[in-house]
Amino acid sequence: ALLPEPRALVTVGPLSEAEIAHVVESGTGRMPTPQRAATLYRLSGGNPFLAIELARAAAPIPPGVADLPVPQRHRPVLAARLAVLSSDGRRTALAAALLARPTRSVLAEGGGPTGLVDAVAAGVVRSAGEVIEFDHPLLAAVCREEADPETIRAMHATLSSVVTDTVQRARH
């Protein structure tokens, strides 16, 4: 054992959005804009190391852009989570990644007959009632980044014919 008895196990929870902003400033020398801090907090889940890595990867991206790139050192781990998906599972994950608010009904039509079941079973997405969420927002980012432009265009076309909300239809 590295530490002799008695020892205490201390569980540290995620940092707040404001704490993430200060940690990022300390780690990068630049205070993120409030919008960027909110995005870093959401994508990192309050993990200070991941927030700093995301901020470094996002440094050349203008502050108004919300879709930050996945840091290269984290990409293999996240891509491995997606690699186990069937083709329907990958289609469903991409559809969910492109939707602002993915739902069971839209993903059932846009992702193939077994895609949602596969993506849930693999732990890539989870169900919150009718709404579907990614296990982590960076998984959605990897889905978008790994898909080729033609596949993304085709999925947008599929989604535009499936979504019922006029704003969502216009977005796709």
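Along every chain, residues carry numbers that run from 1 in the direction the sequence is written. Note on the predicted model: pLDDT of at least 70 is required for a residue's local features to be given, and 80 or more for side-chain atom pairs to be given and counted; whole-chain, interface and lining totals, by contrast, use all residues. Side-chain calculation: all heavy atoms of the structure are included, whereas hydrogens and water are not.

Draft legend 1. Quick peek at the layout of surface pockets. The way it works is a 1 Å grid over only the protein atoms, where trapped points that fit a 1.4 Å probe form a cavity and open points with protein on both sides within 12 Å along at least five of seven lines form a pocket, and then any residue with an atom within 4 Å of a point lines it. Grid points are joined across faces, edges and corners, and a volume is the space filled by probe spheres set on the points. Considered as a void within the structure, the largest pocket measures approximately 460 Å³ in volume. Lining the largest pocket we find 23 residues, and of these Arg 42, Leu 99, Pro 137, Ala 140 and Arg 144 sit closest to its centre. Where the lining of the largest pocket is concerned, the elements lending two or more residues are helix H2 (34–44), helix H5 (87–98), strand E2 (131–134) and helix H8 (137–146). Top contributing element to the lining of the largest pocket by residue count: E2, with 4 residues. Strands here are runs of E lasting at least two residues and helices are runs of H or I lasting at least four, both read from the DSSP assignment and numbered beginning at the N terminus.

Draft legend 2. The environment of Ala 18, seen in detail. Topologically, Ala 18 is positioned in helix H1 (residues 17–28). For each residue, the accessible area found with a 1.4 Å probe, counting protein chains only, is set against the maximum for its type, and the residue is called buried under 20%, exposed over 50%, and partly exposed in between. Take Ala 18: its relative accessible area is 48%, and that puts it in the partly exposed class. Taking C-alpha positions, Ala 18 is 8.9 Å from Pro 34, a pair spaced 16 residues apart along the chain.

Draft legend 3. Quick look at the environment of Asp 88. Of note, Asp 88 is situated in helix H5. Judged by relative accessible area, which is 19%, Asp 88 ranks as buried. Remark: the alpha-carbon pair of Asp 88 and Leu 116, spanning 28 residues in sequence, is separated by 7.9 Å.

Draft legend 4. Just the nonpolar core, in detail. Ranked by internal contacts, the top residues of the largest apolar core, which has 41 residues, are Val 24, Leu 82, Leu 107, Val 125, Phe 134, Leu 138 and Leu 159. Beyond its immediate chain neighbours, meaning those up to four positions away, Leu 138 contacts Leu 43, Leu 50, Leu 54, Val 70 and Leu 78. Nonpolar core, defined: a set of buried Ala, Val, Leu, Ile, Met, Phe, Trp, Tyr and Cys residues in which side-chain atoms within 4.5 Å join the residues together. The contact definition used throughout considers only heavy atoms, calling two residues in contact when any of these lie within 4.5 Å.

Draft legend 5. Spatial organisation of the pattern of salt bridges. Every case where a carboxyl oxygen of Asp or Glu lies within 4 Å of a side-chain nitrogen of Lys or Arg is listed as a salt bridge. Using the criterion set out here, one finds 7 salt bridges in the structure. Note that Arg 73 is salt-bridged to Glu 53, the shortest N-O span being 3.4 Å. You can see Arg 73 sitting in the loop between helix H3 (48–58) and helix H4 (75–83) and its partner Glu 53 sitting in helix H3, a full 20 residues away along the chain. Using a relative accessible area of 53% as the deciding quantity, one classes Arg 73 as exposed. Look at Glu 53 and you get buried, because its relative accessible area is 9%. The residue Glu 133 makes a salt bridge to Arg 126 at a minimum N-O spacing of 3.3 Å. You can call Glu 133 partly exposed: its relative accessible area is 35%.

Coordinates in, geometry out; function isn't part of it.
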